Amino acid sequence: MNARALILAILLPLSAQAQGFAGLGQTTDGYTLPRRGENLAFPRDHGAHPEFRIEWWYLTANLTGADGRDYGIQWTLFRSALAPGNPGEGWQTAQAWMGHAGLTTPGGHFHAERLGRGGTGQAGVTTDPFAAWIDEWRMDSRAAPGSDPYAALGLTASGTEFAYALTLDAQGPLVLHGDRGYSVKSDRGNASYYYSQPFYRVTGTLTLPDGPVEVTGEAWLDREWSSQPLAADQQGWDWVSLHLAGGDKLMAFRLRAEDGDYTTGTWIAPDGTATPLAPGSVTFEPRATVRVAGREIPVHWRIALPERGLDVIIEAVQDAAWMDTTVAYWEGPVTISGSHQGRGYLEMTGYD
Amino acid sequence: MLLSLQSVGKAYVSGSTRVEVLRGIDLAMNAGETVALTGESGSGKSTLLHLCAGLDRAESGRIEVAGRDLTRADDATLAALRRDAVGLVFQQFNLIPSLSVAANLAFQARLKGSDDPGRIATLAGRLGLADLMHRYPEQLSGGQQQRVAIGRTLAARPALILADEPTGNLDEATGDAVLDLMLELVAEAGAGLLMVTHSPRLAARLSRRVHLSGGRLA
Amino acid sequence: MRRTALSALLSHWRRHPLQLASLLMGLALATALWSGVQAINAEARASYDRAAQVLGQDQLESLAAADGQRLPQEVFVALRRAGWLVSPLVEGRWSHAGRSVQVYGIDPFTAPAGALPPPVSESGEITDFITSPGLAFGAPETVAELDGAEGLPRLAAAEGIAPGMLIMDIGIAQALMRAEGQVSRLLLAPDQPLGRTPLEQVAPGLERRAPQETADVAELTGSFHLNLTAFGFLSFAVGLFIVHSAIGLAFEQRRPMFRTLRALGLPLRTLVGLLAVEVMLLALVAGLIGIGLGYVIAAALLPDVAATLRGLYGATLSGSLSLRPEWWLGGLAIALVGAGVAAAQSLWRLWRLPLLAPAQPRAWAMASARGFAGLAALAAGLAVVAVIAGVYGRGIVGGFVLLGALLLSAALALPGALALALAGAERLARRALPQWFWADTRQQLPGLSLALMALMLALSANIGVGTMVASFRITFTKWLDQRLPSELYVTARTEEEATRLRAWLEPQVDALLPIWRVEGPVLGQTAEIYGVADHRTYSDNWPMLLADPDVWARLARAEGAIVNEQLWRREGLSLGDPVPLPGGAVRPLVGVYSDYGNPRGQVIIGVADLVAQFPDLDRRRHAIRTDPAAVADLRTALVQDFGLPADNMIDQQAVKDISLKVFERTFAVTAALNVLTMGVAGFAMFTSLLTLSSMRLPQLAPVWALGLTRAALARLELIRAMLLAALTMMLAVPVGLILAWVLLAVVNVAAFGWRLPMHVFPADWLWLAVLALAAGGLAAAWPAWRLARIEPATLVKVFADER
């Protein structure tokens, strides 16, 4: 029984696993491509873009429990078009949805995955009011009428051993990456639309096998959609979102390819002013690996951005934050030390 | 001592009557001796022979064959004795009907685990069976069948040969020829022979004669 | 020593090849019939299991509507959004133009881990699978059968899917079965997330059901397979009689050899051990031959079995047979056990035999009054068991215990009864030759009795089963006439077309009767619920077994329900008892009707009553009453004027033909097994006579010497065999009739739920008697011919040898 092969087939309709990590480097016949200079508009672009092949609502939160311990959660809804042109209705709707939820504690890591299709109401995204859901997992807007729907969100997810219910309040504006939200991913021009809301204050409850834990903390929401975000030879990425002491935030990523890495990111000032980083200005240096799920995973990094005087070490709160889902990857909270202090999230894909 | 019987007794119970077949039999035989056992029909000759062969058990007394005590031996020991030390020649020829003459000749030696093709060939020649080796018992005359039975016994080199009217089923001329041959071969082999016969003429040809009458030896 | 002795023992078979052949053939035939039946059963079981395993239904709990009807798919979405990990399944039958297939619609996105059929999960064509026209996976034979069928999705052959089944996406399946927006069941994933809303709040009216460990069809067909097994066992028992007699004979014949071997110094323990090894070797060889033959038999019978199961139960079997260890190992084991049982007595006797006991094999053939008395006592004991099973036994197992005890008892009583009859004849005979003939026949009985018992079993089984089948055929044909009074049956393609069809037909025909039905749980099992119109078609024809006087009027007034015989018997209902319908309504029982060939319970209520309770039911099928002469024109008009495809209508005669065909095929297997059993019994006679003939020379030679020619002796031998066969046949008739009665009144009721009136067919017995005489005559022919041609010298030799 190879359910994994099926689900990959669902998410990657052209069965092109060789095409970059998770097929994100596939060709794009029939799908819309991101264009530089296109202005994003809200709340419209909070919703789904079915004419693009792939899209996600990706939220990570660094939390501190009433017990004083560090926690992290992830909530992601992926949308994948099975065929261009958004054909079919009901069961035949060619939009597949996948939810991932993760909960990391200093002692362990929980994860869950859901699949569904869009035409029946099992999963989807609406803009007015804003809601994104798959099964009972939900991300709902709780913002006051007239304000940005992302200004306040409710968030729930559950698995067989864990659940969480959180309230998120944005303390700053939306942040557009790259060129007004047009984020370049390779030297050959692969790109996506990419914006974030990195300023959430979080309160809520985690349900763990030992009982509920009240938590507070900070969260970061990423929104990204594209039809071919990666170049065909890019095998994976290392991505960080860092909440630095003092209110600055850094989003940076390294896309790994055979003929050289592509690194870039965004420096976000406490008032939300975003400065795109020139490709290559930020460096990623793996310091130590651990063996997770049969692979060598670098959970200890040195990240340097000389133009901002940043030279930090980041370390995983929990080495085993492995998302053993259909498309498997590492995603977990990290602590920051060195030139700057703070905490954030690290995502690593394509380590086979 | 090849064969020794001391005060051997045997009785059969038939209905409510008990028939004492043998009482207080004493007999001793040395290697190389040939002894004729004579007596009336029903005098217990065959019973005595069966006791010596371990085919039946005595009720009293003691029987030893080649130094082995048969009185208290179990079935397996008796079977081993018959295989190793004793050779039997019956009035009925008791060949194995589904085996060829050659296979019958070699049979007891093989059971004993001492098959000697050279000896079989020599015996077959002496017994006049050389041309009949591939026949089956049913294709032989009575004299030929008894010669096969004698050959089978001798091939296994027993110390003691027990024969029960070996020529009883044969006409006189054939019987004499078979007996001559048997005595000659027994002498060559240096074995002892105890032969039951009701014929004084045949008994006279053996080295010694004992007579069974009224359940006692005379 | 062991090897020398074993080769001497085995040399017996080289000199008696026919005896060896009869032993091997007997055991091989017995094993063949048994393992053939088991092979069929195993194949069926595997098919049922595979059907039950679709989507892991044999492992997973499910949710379904309490009334057994489909539920709206919104319930699925509501449950998912309330935190219940459920996966929808829509199930139904697709039929078109005489081709029919079970359709499973699944949702690959939500199917629990490991529950997806591999062909689906391994296929990369997910877009093709979920979007029109869809992609359906089926067994290669199913796909081949459906080749060219219109309206189905693209078909893909895949191994590992049960035959007769198509697996496709739920959306495609809903459209195919016109069940848009509906699901049949929801499968529950084994691990559920935390914090779910209670089920009653999200979806009231759903029932949680345990995993289906066996498919419905496995339960429905259970009695059919038990029937087959019983027949296989009967054949095996007949075969064992042969083996027993062949082994017994071989032991008796070798008694001089055993004595010689022991005199030459082979210990008894070794001798018995070697003989046991010999029996095992023979059993192994025969078992392997038997398994090969069994495979051939099963492969030959499988198409009929498959057709029966499909026609009667809608269960589809794989058309090809695989070598499954559960039956070929079982076949080998039963060959070994059978040979062991057959040899045990002989080995035991040898173990107890004094070394100097007489070595003549005559004992085997010696008449033994004491032996017959023992058999008769055993027969009486078994007869008591049979009576007890008949009075107190319940269900199909009780029925088979009764059958088994009855047959064995009759078989065991046979030699004694024959001996008595022959002794009587001997006393009546005045002249010398007849007197000798009767005495000699009686003396031969022990040697022949096992073969005659086998013949007796075969004959009674033949009479019993033949009577049952013929009784069933008469009843069934009459019943079909009552049950199918309408001249034409039509099915519209859509509900909308059905409405137009009703309006179009109404003015042209005498009556238009709806054939509308739902399925749902009634008294704990899935049943069909039909609605009938208030029309004299039913009051005139319907095959009622018992009924209130105003039964049809009460149905029309929604004041009652009638049920079929099987439901009535199963639940022990009486008129007036409440019949709870799916969905909660209760109607009093006002009648019971016979419903042959239907494995399920059935309820009939008024059509208005049905529609009121199940407003969403399928209303596309109708029966038409009209002048039979007008049927042809009406069909033409329906096709040409109305535009209904010809495939969507079927006339009365065609339905009857199909039903009768199903019926005939149901019993084709039984008939084939019957013939094979007869063959085995005939073979037993033959080998017994053959071996007896070689041992009988000492008895025949004096008669020959007294002036009877060899030809006359041979004639007498032939007559003797036929006489014994005829006597056996005479005794088999009453046994067969009792057997038929048990089959009709006990086994059928337990297995199928209906009881049939018994009809007797003496002409068939005559035919069977001829067959039995032929079997006896044929079996005796060669031995008799050999006797007629025997060299006088051989007879003379008897006197020379005899001492």
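Reading the values: rules and limits
- Residues numbered from 1 in each chain as written.
- Chains lettered and ligands numbered in written order.
- Predicted model: local features only at pLDDT ≥ 70, side-chain atom pairs only at ≥ 80, totals over all residues.
- Helix = DSSP H or I, 4+ residues; strand = E, 2+ residues; numbered from the N terminus.
- Contact = placed C-beta atoms within 7 Å.
- Buried ≥ 20, exposed ≤ 12 C-beta atoms within 10 Å, placed from the backbone.
- Nonpolar A, V, L, I, M, F, W, Y, C, P; charged D, E, K, R; others polar.
- Core = buried A, V, L, I, M, F, W, Y, C linked by C-beta atoms within 7 Å.
- Domains from an automatic or database assignment.
- Pairing = 2+ DSSP bridges.
- Axes fitted to C-alpha atoms, helices over the stretch in contact; angles between N-to-C directions.
- pLDDT = per-residue confidence, 0-100.
- Parallel < 35°, antiparallel > 145°, perpendicular 65-115°, else oblique.
- Arc of directions from axis to C-beta.

Visitor: Go over the overall build of chain B with me, naming the residues and quoting the values.
Guide: Of regular secondary structure, chain B possesses 7 helices and 10 strands. Considering only intrachain contacts with a sequence separation of at least 6, the fraction spanning at least 24 residues in chain B is 73%.

Visitor: An account of the overall build of chain C is needed here, citing residue identities and associated values.
Guide: Helix and strand content of chain C: 27 helices and 21 strands. Split into buried and exposed, the 803 residues of chain C put 47% on the buried side. Counting only contacts in chain C whose residues sit at least 6 apart along the sequence, the fraction spanning at least 24 positions is 83%.

Visitor: How would you sum up the interface of chain B and chain C? Please name residues and give values.
Guide: Contacts between chain B and chain C engage 19 residues on the former and 20 residues on the latter. If you list the elements that add at least two residues to the side of chain B that touches chain C, you get α2 (75-84) and α3 (101-112) of chain B. Among the elements that take part in the side of chain B that touches chain C, α2(B) stands out by supplying 6 residues, more than any other. Here the side of chain B that touches chain C is built from residues that sort into 9 nonpolar, 5 polar and 5 charged.

Visitor: Requested: an account of the nonpolar core, with residues and values cited.
Guide: All names here are of chain C. Ranked by size, the top nonpolar core spans 368 residues in total, and within it A454, L455, M456 and L457 carry the most contacts. Among the elements that line this core, the one with the most residues is helix α25 (residues 710-752), at 22 residues. Residues from two domains meet in this core; each of domain 1 (1-52 + 220-359) and domain 2 (59-211) gives at least three. For L457, the residues in contact, after removing those within four places along its chain, are L234, A237, V238, L407, A411 and A681.

Visitor: Could you give an account of the interface of chain C and chain A, naming the residues involved and the relevant values?
Guide: With 30 residues of chain C at the interface, the matching set in chain A holds 31 residues. For the side of chain C that touches chain A, the secondary structure elements donating two or more residues are α3 (73-81), α4 (118-122), α5 (126-130) and α7 (170-176) of chain C. Its residues assigned to classes, the side of chain C that touches chain A comprises 13 nonpolar, 12 polar and 5 charged.

Visitor: Let's hear about the environment of E559(C): which residues, and what values?
Guide: All names here are of chain C. Inspection of the secondary structure assignment puts E559 in the loop between α19 (551-556) and β16 (561-564). The partly exposed category is assigned to E559, around which 15 C-beta atoms lie within 10 Å. For the pair E559 and L589, spaced 30 residues apart in sequence, the C-alpha to C-alpha distance is 9.2 Å.

Visitor: Can you lay out the sheet that holds strand β10 (residues 216-217) of chain B for me, pointing to particular residues and giving the numbers?
Guide: All names here are of chain B. If you walk across this open sheet you meet the 6 strands as β6-β7-β8-β3-β9-β10, and the pairing is mixed. Because the sheet does not close on itself, it has two edges, and the strands there are β6 (86-89) and β10. With 4 bridges joining them, strand β3 (residues 34-39) and strand β8 (residues 192-196) adopt parallel strand pairing. Bridging across to β8, L37 finds its partner in V196.

Visitor: Can you break down the sheet that holds strand β1 (residues 62-65) of chain C residue by residue, with the values?
Guide: Residue and element names in this part refer to chain C. One open sheet holds the 8 strands; their spatial order is β6-β5-β7-β4-β3-β9-β1-β10, and the pairing between them is mixed. Strands with a single pairing partner mark the edges of an open sheet, and in this sheet they are β6 (154-157) and β10 (206-209). Geometrically, the sheet is characterised by an average inter-axis angle of 30 degrees between neighbouring strands, direction not taken into account. As paired elements, strand β3 (residues 86-96) and strand β4 (residues 99-106) share 8 bridges and run antiparallel to each other. When the bridges of β4 are listed, V90 appears paired with G105.

Visitor: Outline the environment of V586(C), supporting the account with residue identities and numerical values.
Guide: Secondary-structure assignment places V586(C) in strand β18 (residues 586-593). Apart from residues no more than four positions distant in its own chain, V586(C) is found in contact with P578(C), V579(C), P580(C) and L581(C).

Visitor: Outline helix α1 (residues 45-53) of chain B, listing residues and values.
Guide: Residues and elements named next belong to chain B. Most of α1 sits inside the fold, with 9 of its 9 residues counted as buried. Turning to α1, its buried residues number three or more, namely K45, S46, T47, L48, L49, H50, L51, C52 and A53. In the stretch just after α1, G54 is the one whose phi turns positive, near 75 degrees.

Visitor: Describe in detail unusual backbone geometry, supporting the description with residues and values.
Guide: Following D128(A), the chain continues into P129(A) via a peptide bond in cis, with omega recorded as -5 degrees. Within the secondary structure layout, P129(A) lies in the loop between β5 (123-127) and β6 (130-134). Between S132(C) and P133(C) the backbone carries a cis peptide bond, its omega angle lying at 0 degrees. Along the chain, the position of P133(C) falls in the loop between α5 and β5 (135-138). Positive phi, normally seen in glycine, also occurs at D135(A), with a value near 50 degrees. Relative to the elements of secondary structure, D135(A) occurs in the loop between β6 and β7 (137-141). Positioned with a positive phi, S7(B) is a non-glycine residue whose angle comes to about 50 degrees. Within the secondary structure, S7(B) is located in strand β1 (residues 3-14).

Visitor: Explain the confidence of the model for chain B to me, and be specific about the residues and the numbers.
Guide: Averaged over chain B, the pLDDT score is 86; the fraction of residues at 70 or greater is 100%. β8(B) holds the highest mean pLDDT among the elements of chain B, 91, whereas β10(B) holds the lowest, 83.

Visitor: Tell me about the packing of α3(B) against helix α1 (residues 2-15) of chain C, and please be specific about residues and values.
Guide: Orientation of α3(B) relative to α1(C), taken along the N-to-C sense of each, is 140 degrees, at an axis distance of 7 Å. Taken together, the axes of α3(B) and α1(C) lie oblique to each other. Contact residues: α3(B) offers F107(B), R110(B) and L111(B), while α1(C) offers T4(C), A5(C) and A8(C). Class assignment of the residues belonging to the contact of α3(B) with α1(C) gives a composition of 4 nonpolar, 1 polar and 1 charged.

Visitor: Quick one: what's the story with the pairing of β16(C), residue by residue and with numbers?
Guide: All names here are of chain C. Along β16, one buried face is formed by A561 and V563 and the opposite face, lined by I562 and N564, is buried too. Note: β16 against β18, 4 bridges, orientation parallel. The residue bridging A561 from the neighbouring strand is L589, located in β18. One ladder, built from 2 bridges, connects β16 with strand β19 (residues 601-606); its direction is antiparallel. Paired with V563 across the strands is V603, a residue of β19.

Visitor: Go over helix α4 (residues 117-126) of chain B with me, naming the residues and quoting the values.
Guide: Residues and elements named next belong to chain B. When we look at burial in α4, the residues that qualify are I120, L123 and A124. When α4 is viewed along its axis, its buried side chains cluster within an angular range of 100 degrees and face the same direction. Turned more than 90 degrees off the buried face of α4, the exposed positions are G118 and G125. Buried-residue contacts for α4 involve α3 and α5 (142-155). Backbone geometry just after α4 places G128 at a positive phi near 70 degrees.

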